[in-house]
Amino acid sequence: MSVRIRYSQVDQDGYLTLPALFDLLQDAATFHSQDLGYDIRYLKRVGCGWFVTDYQLALEGSTPYIGDRLTLKTWGYRFRGMFGMRNMLLVREDGSIYARVNSIWVYMDLRRMLPSRIPDKMIRDYGQEPAIDYPWPSRKIRPMEHFFERYEFAVNSLQLDSNGHMNNTHFVAAAWKELPADYAIGLIRVEYKKQAMRGDLLQLKMSCEPGQEKRENKIQALMTSPQGEVYCLVEFSRREEK
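Below: a short report on this structure. (Residues numbered from 1 in each chain as written. Predicted model: local features only at pLDDT ≥ 70, side-chain atom pairs only at ≥ 80, totals over all residues. Heavy atoms only, no water.)

1. Brief notes about the packing of helix α1 (residues 18–35) against helix α4 (residues 168–176)
What counts, and what does not: Orientation is described by lines fitted to C-alpha atoms, with helices fitted over the stretch in contact, and by angles between N-to-C directions that extend from 0 to 180 degrees. The way it works is that DSSP assigns letters per residue, a run of H or I at least four long becomes a helix, a run of E at least two long becomes a strand, and they are numbered from the N terminus. By the definition adopted for this analysis, an angle is roughly parallel if under 35 degrees, roughly antiparallel if over 145, roughly perpendicular if from 65 to 115, and oblique otherwise. Helix crossings fall into two classes, left-handed where the near helix is turned counterclockwise from the far one by less than a right angle and right-handed where it is turned clockwise. When checking whether two residues touch, look at their non-hydrogen atoms; a contact exists if any pair is within 4.5 Å.
Look at α1 against α4: their axes get within 9 Å of each other, and the N-to-C directions meet at 160 degrees. In terms of orientation, α1 lies roughly antiparallel with respect to α4. α1 and α4 meet at a crossing whose hand is right-handed. Across from Leu18, Pro19, Phe22, Asp23 and Gln26 in α1, the residues of α4 making contact are Asn168, Thr169, Val172, Ala173 and Trp176.

2. Thoughts on the nonpolar core
The condition is simple: For this analysis, a nonpolar core means a set of buried residues of the types Ala, Val, Leu, Ile, Met, Phe, Trp, Tyr and Cys, connected via side-chain atoms within 4.5 Å. Each residue's exposure class comes from its accessible area (1.4 Å probe, protein chains only) as a fraction of the maximum for that residue type: buried when under 20%, exposed when over 50%, partly exposed otherwise.
Tyr55 and Ile188 are the most contacted members of the largest nonpolar core, which has 57 residues in total. Leave out the neighbours within four places in its chain, and Ile188 touches Leu18, Phe22, Tyr55, Gln56, Leu57, Leu59, Val234, Glu235 and Phe236. If you look at the next biggest cluster of nonpolar residues, it comprises 7 residues, including Met85, Leu89, Val91 and Ile132.

3. Re empty space enclosed by the protein
Note the following rule: Within this scheme a cavity is a closed region of a 1 Å grid, computed over the protein atoms alone, that accommodates a 1.4 Å probe without allowing it to escape, whereas a pocket is open but has protein on both sides within 12 Å along at least five of seven lines; lining residues each have an atom within 4 Å of a point. Grid points are joined across faces, edges and corners, and a volume is the space filled by probe spheres set on the points. Each residue receives one of three labels: charged for Asp, Glu, Lys and Arg, nonpolar for Ala, Val, Leu, Ile, Met, Phe, Trp, Tyr, Cys and Pro, and polar for the others, Gly being one of them.
On inspection of all chains with the given rule, the structure shows 1 cavity of 30 Å³ or more. What the largest cavity holds in volume is close to 40 Å³. Residue lining of the largest cavity: Phe22, Gln26, Val52, Tyr55, Trp105, Asn168, Thr169 and Tyr192, and that is the complete set. For the lining of the largest cavity, the secondary-structure elements that each account for two or more residues are α1, β2 (48–59) and α4. Split into classes, the residues belonging to the lining of the largest cavity amount to 5 nonpolar, 3 polar and no charged.

4. Remarks on α4
Here is the rule we go by: For this analysis, a polar contact is any N or O atom pair within 3.5 Å, provided that within protein one partner can donate a hydrogen and the other can accept it, and provided that sequence-adjacent residues contribute only side-chain to side-chain pairs.
Most of α4 sits out of view: 7 of its 9 residues are buried. Every buried residue belonging to α4 is among Asn168, Thr169, Phe171, Val172, Ala173, Ala174 and Ala175, and all of these are buried. A distance of 3.0 Å separates the backbone nitrogen of Thr169 from a side-chain oxygen at the start of α4, and that oxygen is part of Asn167.

5. Focus on α1
As a reminder, the rule being used: What a helix is expected to span follows from its residue count: subtract one and scale by 1.5 Å.
Under the 1.5 Å per step criterion, the end-to-end length of α1 is 26 Å for 18 residues, consistent within 8% with the ideal 26 Å. Of all the positions in α1, only Leu18, Pro19, Ala20, Leu21, Phe22, Leu24, Leu25, Gln26, Ala28, Ala29, His32 and Ser33 are classed as buried. Here α1 starts with a cap whose side-chain oxygen sits 3.2 Å from the backbone nitrogen of Ala20, and that cap is Thr17. Residue Gly37 follows α1 closely and has a positive phi angle near 100 degrees.

Spelled out as structure tokens, the structure:
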């Protein structure tokens, strides 16, 4: 999938924003499925859908700038029961890699709102290619001990996707906008726990792990209901200086 960074995807300095990057990843997965015949219309007809449960992104080098051209590649590398594992690569024109991505998706029966076994034909159509060789951390994120509430918000209709819940990018956007301005992201981990529906009230809480020179090494954003039920946990790790 060829990508050119658009004006609507950049910040005030002209660089690709993190929410726009997550939108690109989501689009790549959606178009891959659509090209195989498994588009939104098909999924609605059979009453099923793909829900992402985990993302891991490793970012390298400079952030893409408005007008930059890149190639976004995606493929499945393992299917097991109701789970599909997907890798992605975002590659610059010079061949260097900006983003390596690992993700886990679950195939859901939308009528019962329960996981469903992936059809054998679908697995054959997707195929399987070798996984990215990268030292990914554990899929499970260990929450930090002390979180401080920053604000709360209600899910609105503009945040909903075709499955009727708050789109995954909006969780990341809520966390990303609370980062310090000089925080250079090296690794992002996202764990989606619960769907957020229109009208749900979410509380955003932040925590950090100090690093050298009193700078935040890792930062976590936790989104919960007022009763403490977890919707999403996002962890950012600072990029190592070379």
